[in-house]
Structures are given as C-alpha cells and as structure tokens.
Amino acid sequence: MGKRLNSLKYLAPLVQMALCPVTILFLWTVFTGPEAIPVVSEELVG
C-alpha cells in the first residue's frame with residue numbers, strides 16, 4: 001500500500017496538469033489547426 005501511495009504522489013501533478021482547462025484549450029487549439037483562426041478574425045474585422 002505504501003508503494004501505491006508513493007507513486008500516486010508523483011502522478012498527481014501530471015493528472016492535474018492534464019485536466020487543467022488551460023491545457024485542454026491549448027491542445028484543442030493545436031489539434032484544430034490554423035484554419036479556424038482566419039474565420040474568427042474575419043468575423044471580428046467585418
């Protein structure tokens with residue numbers, strides 16, 4: 001049981017970073033690609 005808690009202690013920050021909204025938004029921006037950005041800028045300009 002002690003080894004299990006010890007490994008969870010090291011994995012907890014990684015889980016928190018993976019579930020962080022900033023990380024989710026960053027990954028969403030990376031995987032959607034740059035084609036979504038001109039559409040938004042055209043709506044803001046026009």
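Think of each chain on its own: its residues are numbered from 1, step by step along the sequence as written. This being a predicted model, a pLDDT of at least 70 is required before a residue's local features are given, and a value of 80 or more before pairs of side-chain atoms are given or counted; all residues contribute to the totals for chains, interfaces and linings. Computation of side-chain values: all heavy atoms of the structure, hydrogens and water removed.

1. A short note on the overall build of the protein
In step 1: Comment: elements are numbered from the N terminus, with helices defined as DSSP H or I runs of at least four residues and strands as E runs of at least two. Helix and strand content of the protein: three helices and zero strands.
In step 2: The linear arrangement of helices and strands in the protein, starting from the amino end, is α-α-α.
In step 3: Counting across all 46 residues of the protein, residues that qualify as buried make up 2%. For every residue, the accessible area (1.4 Å probe, protein chains only) is compared with the maximum for its type, and the residue is labelled buried under 20%, exposed over 50%, or partly exposed between those bounds.

2. Notes on helix α2 (residues 21-32)
In step 1: Expected helix span is computed as 1.5 Å times (number of residues minus one). The end-to-end C-alpha distance of α2 is 16 Å, a good match for the 16 Å that 12 residues give at a rise of 1.5 Å each.
In step 2: With its phi angle positive at about 85°, G33 sits one or two positions after the end of α2.

3. Quick notes on a nonpolar patch on the surface
In step 1: Taken together, L11, L14, V15, M17 and L19 make up a surface patch of nonpolar side chains, about 510 Å² in accessible area.
In step 2: Residue placement: M17 occurs in helix α1 (residues 2-19). Note on patches: the residues involved have over 30% relative accessible area and no salt bridge, like charges join within 9 Å, and the nonpolar side chains Val, Leu, Ile, Met, Phe, Trp and Tyr join within 5 Å. Note that accessible areas follow from Shrake-Rupley with a 1.4 Å probe, and for residues the cover is restricted to the protein chains shown. Each reported salt bridge corresponds to a side-chain nitrogen of Lys or Arg within 4 Å of a carboxyl oxygen of Asp or Glu.

4. Quick word on the confidence of the model for the protein
In step 1: One number per residue, pLDDT, summarises how confident the predictor is, and it ranges from 0 to 100. Per-residue pLDDT for the protein averages 76, and the proportion of residues at 70 or more is 67%.
In step 2: The least confident element of the protein is helix α3 (residues 36-45), whose mean pLDDT is 58; the most confident is α2, at 86.

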